[in-house]
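Structure at a glance
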Amino acid sequence: QLSLGEKKAKNGTKPLQGHFSKSGDRCFQYVKEFKVDNPDQFEVGQEITVDMFNVGDYVDVIGYIKGRGFAGVIKRYGFGGGRMTHGGKAKRIPGSVGNSAWPSRVVKGRKLPGHYGNTRQTTKHLEIIDVRPEDNLILLKGPVPGASSNMVMINKSMF
């Protein structure tokens, strides 16, 4: 388990206080479990830094993209919309959605308005430009999913 975002122990719940008691009188905001090949190489309370990454390596970054709430088809899928002039009445709506007699329902998978964003996204094969261990920073070349304040998970690329 990796934990991040230290907070005062009194602000944590009782179960979390007991869980974190082995690592001292500290409590954390985020806890995430990872599979490892050899768990003996880690100790309870050990601090993990960016020293394991090297310049020129490639990584995969996993994060949650920005949530946009309930969105229409133009914002969600990039539909063109209807005509704006000459009496057009279908400006931002999706248009016809189903058939008449058969199958007399809306077919599954139809692109319609709905919840957009706040989904997990993986950006693969980003190059590490610079590693700054004194600041615990990694500089990447390419797009990182999510807002600038979001938490991301960085894995070494397989290829």
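This one's a predicted model, so the numbers in the text were calculated from it and none came from an experiment.

1. Section: the sheet that holds strand β3 (residues 58-64)
Taken in spatial order, the 4 strands line up as β7-β6-β3-β8 in an open sheet, and their pairing is antiparallel. Single-partner strands in this sheet number two, and they are β7 (137-141) and β8 (153-156). Strand-to-strand twist of the sheet, defined as the mean angle between neighbouring strand axes without regard to direction, takes the value 45 degrees. Strand direction decides the pairing type here: strand β6 (residues 120-132) and β7, joined by 5 bridges, are antiparallel.

2. Focus: the pattern of salt bridges
Taken as a whole and assessed by the stated rule, the structure comprises 1 salt bridge. Here arginine 132 and aspartate 130 are joined by a salt bridge, their closest N and O atoms 3.1 Å apart. Residue arginine 132 is classed as partly exposed on the basis of its relative accessible area of 33%. For aspartate 130, a relative accessible area of 26% translates into the label partly exposed.

Thresholds applied
- Residues numbered from 1 in each chain as written.
- Predicted model: local features only at pLDDT ≥ 70, side-chain atom pairs only at ≥ 80, totals over all residues.
- Heavy atoms only, no water.
- Pairing = 2+ DSSP bridges.
- Helix = DSSP H or I, 4+ residues; strand = E, 2+ residues; numbered from the N terminus.
- Axes fitted to C-alpha atoms, helices over the stretch in contact; angles between N-to-C directions.
- Salt bridge = Lys/Arg side-chain N within 4 Å of Asp/Glu carboxyl O.
- Buried < 20%, exposed > 50% of the residue type's maximum accessible area, 1.4 Å probe, protein only.

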